[in-house]
Amino acid sequence: MGATLGTLLARLDPSLSILLVERLDQVALESSDGWNNAGTGHSGYCELNYTPQAGDGSVTIQRALAINAAFEVSLQFWSALVEQNALPAPQTFIQPTPHQNLVWGEANAGFLRQRHQLLSRHHLFEGMEYTEDPAVLRGWSPLLMEGREPGQILAATRVRRGSDVDFGALTRSLIGTLQQNANFTLLPGHAADGLKRQKNGRWLVRVKSRYSGTGRTVSAGFVFLGAGGGALPLLQKSGIPEGKGYGGFPVSGQWLVCKNPAIIRQHRAKVYGKASLGAPPMSVPHLDTRIINGRPELLFGPYAGFTTKFLKEGSWLDLIASVKPDNLKPMLWAGFHNLDLIRYLIGEVFQSHRQRVASLRQFFPAAAEDEWVLVTAGHRVQIIKRSAESGGKLEFGTEIIAAADGSLAALLGASPGASMAVTAMIGVVERCFKDRIKTGGWQGKIKALVPSYGESLIEDGALLRTIRQRTHATLGLAETPTRSHK
Ligand SMILES: Cc1cc2nc3c(=O)[nH]c(=O)nc-3n(C[C@H](O)[C@H](O)[C@H](O)COP(=O)(O)OP(=O)(O)OC[C@H]3O[C@@H](n4cnc5c(N)ncnc54)[C@H](O)[C@@H]3O)c2cc1C
C-alpha cells in the first residue's frame, strides 16, 4: 500500500519529498511477500464470498462487480508503469492464471449455477464458463478429477483471464523505481513509534532503529500509516478523533505447499471452493498455481488460525496492548459475539497434517500426504469498530481512516487486499489532497495512469473492453496459459 501511494504521489508531483519508514531490513516481508498471501488478483471471478446468497436463495453480485472494476484499476496502473519502464517485464509480477470454482452437492451446484447466470450477463464477467460435466472439468484441471469417486455432483466455473500476482516482487520493483528519484528516501530497519500533531498542522513522527535503539524525529506535512497489521497501534498513537473506537482481530494463516515438481506442472489455475459453515471468509479453501520469485509452486489453503500478533514479525502482546478505553466496548463485544469464530480458529491451529491433507483431498483426491509441507503465511488484522445498533462489529473488509484536515490517513483491514491497492490509495489522495486532485495538472496525470479514472467500468461496457484490450496486451494476460509451466 505504501509503495503504491508513494508511486502515485511521486508521479502526481515529483517535487514532493517522500520518506518511507520500514521496520524490517527490507520492504514487503510482511503480508505483501509472495509466500505470505494467496497472490490472487481478486476480481470476483472465483471468490464465492463476494456473491452472498440470502436466506431465500437469491444471490447478489454487486460486491463482485465492484471488486472486479477495482482490479481493472490496478491493471491500468501497472500497465501504465510497464509502458513507462517504471516496472519491469510484467512476467516478473503477474501471470495469466485461470480462476475456477469447484463445489459439490446439489445445493452448492444450484448456487453456482445462479451465480454464473447473473455474472456472465455482465460485461465485466463476459466469457465466464460453467460446467457440471466431469469430462470438461478434467480438461480444465486434471488434478481435481484424479482419483475422484464417480457419481459425485460437481459444478465449476472458469474465467481464463484470471491472474496470479507476486505482490512482493511488485512492491520491491515499485520501491526500486522510487529509489531512483532524488526526493525519495527509504529508511529500513526503523520503526515509527510515536506521532504528534503540531500547532502548525504538521506531524512529528518518532522513528527508532530496531537495532541500535537510537531515535530521530521527522517532521511531515502528510503521514500515511500503511503499516499493515502495525497500522492500528500507530493510528491510536496519532490520537485523531476519527480513529477512536477502532480495534483489531488478528488472524494467522498457513498453507500446504506441494514438493513434487511433477504434480506442480500438472496444474495451472486458482480453484476456489466454498467456506464451510461458520468459517470466516478468509479461510475459503483454494488450490492455487503460484509463481513466487519466478518459481512455479502449488499451494493449498489458507488454514486460518488464532493468534495475538498483529504482524508475522510482531509481538504476542499486540492484541492486549491495542485494548484502550475507547475501543474496550467494541473489542469485548467482538470477543463475546464471535466465540464460535475463535473456537474455529483455535481448532484450525491444532489440526494434524492428516486432517489438513483430508481437506486438500476434497480438491485433489489423489494427494499424497508426504508430498505436502506446512508453511506459515502472513497475518491479517480484521477491523473491529463501534456500531450504533450493537456494542460493536467485526468486519472483514478494508477501511481508510483519515484526519478531517487530510494531514494523516491509515489503512486498516486486509481484504480484498493488495489487489485493491490502487483504488484504495487513489481514495487516500482524494481525501488528503482534496484541492490538488481537482486541478487540471493532477487530473491529467492520474488519467494517464488510470484512463478510466472518474468513469464507471460497471456501467460502461465499451470503455471496459477498450481498456482491457490494452492492459491485457501490456501485462500478457491476453494469452491463454497452457497447463504446464516452462
Ligand atoms: C493469508 C493471506 C492471504 C491473502 N491473500 C490475498 C490475495 O490472494 N490477494 C490479495 O490481493 N490480497 C491478499 N491478502 C492481503 C494482502 O496480503 C494485504 O492486503 C496486503 O499485502 C497489505 O499490504 P500493506 O502494505 O498494507 O501491508 P504489509 O505488506 O504487511 O506491509 C506493511 C509494512 O509495514 C511495516 N511496518 C509495520 N509496522 C511498522 C512500524 N511501526 N514502522 C515502520 N514500518 C512498519 C511492516 O514491516 C511491513 O513491511 C492476503 C493476506 C493474507 C495474510
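Quick note: structure is the one above.
Thresholds, definitions, all that
- Residues numbered from 1 in each chain as written.
- Predicted model: local features only at pLDDT ≥ 70, side-chain atom pairs only at ≥ 80, totals over all residues.
- Heavy atoms only, no water.
- Phe/Tyr/Trp six-rings, centres within 6.5 Å; stacked < 30°, edge-to-face > 60°.
- Helix = DSSP H or I, 4+ residues; strand = E, 2+ residues; numbered from the N terminus.
- Buried < 20%, exposed > 50% of the residue type's maximum accessible area, 1.4 Å probe, protein only.
- Contact = heavy atoms within 4.5 Å.
- Pairing = 2+ DSSP bridges.
- Axes fitted to C-alpha atoms, helices over the stretch in contact; angles between N-to-C directions.
- Parallel < 35°, antiparallel > 145°, perpendicular 65-115°, else oblique.
- Left-handed = near helix turned anticlockwise from the far one by under 90°.
- Nonpolar A, V, L, I, M, F, W, Y, C, P; charged D, E, K, R; others polar.

Chemist: How would you sum up the packing of aromatic side chains? Please name residues and give values.
Modeler: Per the stated rule, a full pass over the model turns up ten aromatic pairs. Consider the rings of tyrosine 45 and phenylalanine 125, whose centres lie 5.4 Å apart with planes at 80°: the pair is edge-to-face. Placement of tyrosine 45 in the loop between β1 (18–21) and α2 (62–83) and of phenylalanine 125 in the loop between α3 (106–120) and β4 (129–131) is noted, with a sequence separation of 80 residues between them. Across the pair, exposure class does not vary: tyrosine 45 and phenylalanine 125 are buried alike. Plain terms: the ring middles of phenylalanine 300 and phenylalanine 363 are 5.3 Å apart, the flat faces sit at 55° to each other, and that makes the pair tilted. Of this pair, phenylalanine 300 sits in strand β15 (residues 295–306) while phenylalanine 363 sits in the loop between α12 (353–361) and β16 (372–376), placing them 63 residues apart in sequence.

Chemist: Explain the side chain of threonine 7 residue by residue, including any values.
Modeler: Here threonine 7 is to be found in helix α1 (residues 2–12). Among the residues examined, threonine 7 registers a relative accessible area of 7% and is labelled buried. Apart from the residues within four sequence positions on either side, threonine 7 is in contact with Phe77, Leu81, Leu174 and Leu178.

Chemist: Before we move on, can you summarise the sheet that holds strand β19 (residues 398–402) with the specific residues and values?
Modeler: Two modes of strand pairing occur in sheets, parallel and antiparallel, and in both the strands are linked by backbone hydrogen bonds. Across the sheet, three strands lie side by side as β11-β20-β19; this open sheet has mixed pairing. Taken across any chain shown, the strands that pair with only one partner, and hence form the sheet edges, are β11 (223–225) and β19. Across the sheet, the axes of successive neighbouring strands diverge by a mean angle of 15°, strand direction being ignored. Alignment of β19 against strand β20 (residues 408–413), held across five bridges, turns out to be antiparallel. Note that in β20 the partner of isoleucine 401 across the bridge is alanine 410. Along the sheet, helix α7 (residues 231–238) makes contact with β11, β19 and β20, crossing β20 at roughly 145°. Across the sheet, helix α13 (residues 421–432) lies against β11, β19 and β20, angled at about 20° from β19, the strand it touches most.

Chemist: I'd like a description of the packing of α1 against helix α15 (residues 440–449), backed by residues and values.
Modeler: Relative placement of two packed helices is described by the angle separating their axes and the distance separating the axes. The N-to-C vectors of α1 and α15 enclose an angle of 130°; their axes lie 9 Å apart at closest approach. Relative to α15, α1 is oriented oblique. Handedness of the crossing formed by α1 with α15: right-handed. Residues Leu8, Leu9, Arg11 and Leu12 of α1 lie in contact with α15, whose contacting residues are Trp442, Lys445, Ile446 and Leu449. Across the contact of α1 with α15, the residue classes tally to six nonpolar, no polar and two charged.

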